[in-house]
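Below, each chain spelled out in residue letters.
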Amino acid sequence: SGNFITSLKKGKDARRKADLEQIQRALEMYYEDKRTYPTTLSFGGKLCETSSCTSSEKVYMQKVPNDPNPSYTYQYKSDGTYYRLFSCIENNLDNGSGIKQTGYSETNCGGCGLCKYGITSSNTNLL
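Residues numbered from 1 in each chain as written. Predicted model: local features only at pLDDT ≥ 70, side-chain atom pairs only at ≥ 80, totals over all residues. Heavy atoms only, no water.

Novice: Help me out: how do you make sense of the nonpolar core in this one?
Specialist: Nonpolar side chains tend to gather and get buried jointly when the protein is soluble and globular. One finds Leu20, Ile23, Leu27, Leu41, Leu47, Tyr76 and Leu85 to be the most contacted residues of the largest nonpolar core, which totals 19 residues. Of all the secondary-structure elements, those providing two or more residues to this core are α1 (2-34), β2 (59-61), β4 (83-87) and β5 (117-120). The leading source of residues in this core is α1, at five residues. With sequence-adjacent residues up to four places away left out, Leu47 is seen in contact with Ala26, Leu27, Tyr30, Pro38, Leu41, Val59, Tyr60, Met61 and Val64. (Core = buried A, V, L, I, M, F, W, Y, C linked by side-chain atoms within 4.5 Å. Buried < 20%, exposed > 50% of the residue type's maximum accessible area, 1.4 Å probe, protein only. Helix = DSSP H or I, 4+ residues; strand = E, 2+ residues; numbered from the N terminus. Contact = heavy atoms within 4.5 Å.)

Novice: What's the story with the packing of aromatic side chains in this structure? I'm lost.
Specialist: Aromatic rings in a pair are described by how distant their centres are and how their planes are angled relative to each other. With the rule as written, the count across this model stands at four aromatic pairs. Chaining the aromatic ring pairs together yields one cluster made of Tyr31, Tyr37 and Tyr83. The ring of Tyr117 has Lys17 sitting right over it, with the charged end atom 5.8 Å from the ring centre. (Phe/Tyr/Trp six-rings, centres within 6.5 Å; stacked < 30°, edge-to-face > 60°. Lys NZ or Arg CZ within 6 Å of the ring centre and 35° of its normal.)

Novice: Would you mind showing me how to read unusual backbone geometry here?
Specialist: Comment: phi is negative for the bulk of residues other than glycine, and the bulk of peptide bonds are trans. Even without a glycine there, the phi angle at Cys53 is positive, about 50 degrees. Within the element layout of this structure, Cys53 appears in the loop between β1 (47-48) and β2. The backbone of Glu106 sits at a positive phi, close to 65 degrees, despite the residue not being glycine. Mapped onto the fold, Glu106 is located in the loop between β4 and β5.

Novice: Explain the pairing of β5 here, please?
Specialist: Every other side chain in a regular strand lies on the same face of the sheet, so the side chains alternate between the two faces. Side-chain alternation along β5 places Tyr117 and Ile119 on one buried face and Gly118 and Thr120 on a second face that is also buried. Examined bridge by bridge, β4 and β5 share four bridges and lie antiparallel to one another. Across the sheet, the residue bridging to Phe86 is Gly118, located in β5. (Pairing = 2+ DSSP bridges.)

Novice: Would you take a moment to explain α1 for this structure?
Specialist: Every α-helical turn comprises 3.6 residues, leaving residues that sit three or four positions apart pointing alike. For α1, which comprises 33 residues, the first-to-last C-alpha distance of 48 Å matches the rise-based estimate of 48 Å (1.5 Å per residue) to within 8%. Every buried residue of α1 is accounted for by Asp13, Arg16, Asp19, Leu20, Ile23, Ala26, Leu27 and Tyr30. Contacts made by the buried residues of α1 are with β1, β2, β3 (75-78), β4 and β5. Looking one or two residues past α1, Arg35 carries a phi angle of roughly 60 degrees, positive in sign. (Expected span 1.5 Å × (residues − 1).)

Functional significance is not addressed by these values, which are geometric in nature.
Here it is, written out as structure tokens:
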């Protein structure tokens, strides 16, 4: 059953990476329009022109993905000029792009402690 558990972890990790990439695309569209990144991001909520999300506003993401495992959370950092998005990675053999198995300092991904996967806007880098 070890292989089954490993493939489950890989599947969850693949979803996390795909989710962050989807969020990244929405953030870049937002930036193209506003010349700034949003200062807050509501996982599980909408991403609109403003945080009030009125019906007349442009919606960049109908539902911002949230981690499938509730004990994990994505982390988001922004001052409007850049962002970093982080998530957990369960497969401790993954060493692909954006992976840091020892975890990124100054991050907190809930039940898994330090976040182990990250992507950023093109004008900054991971910690």
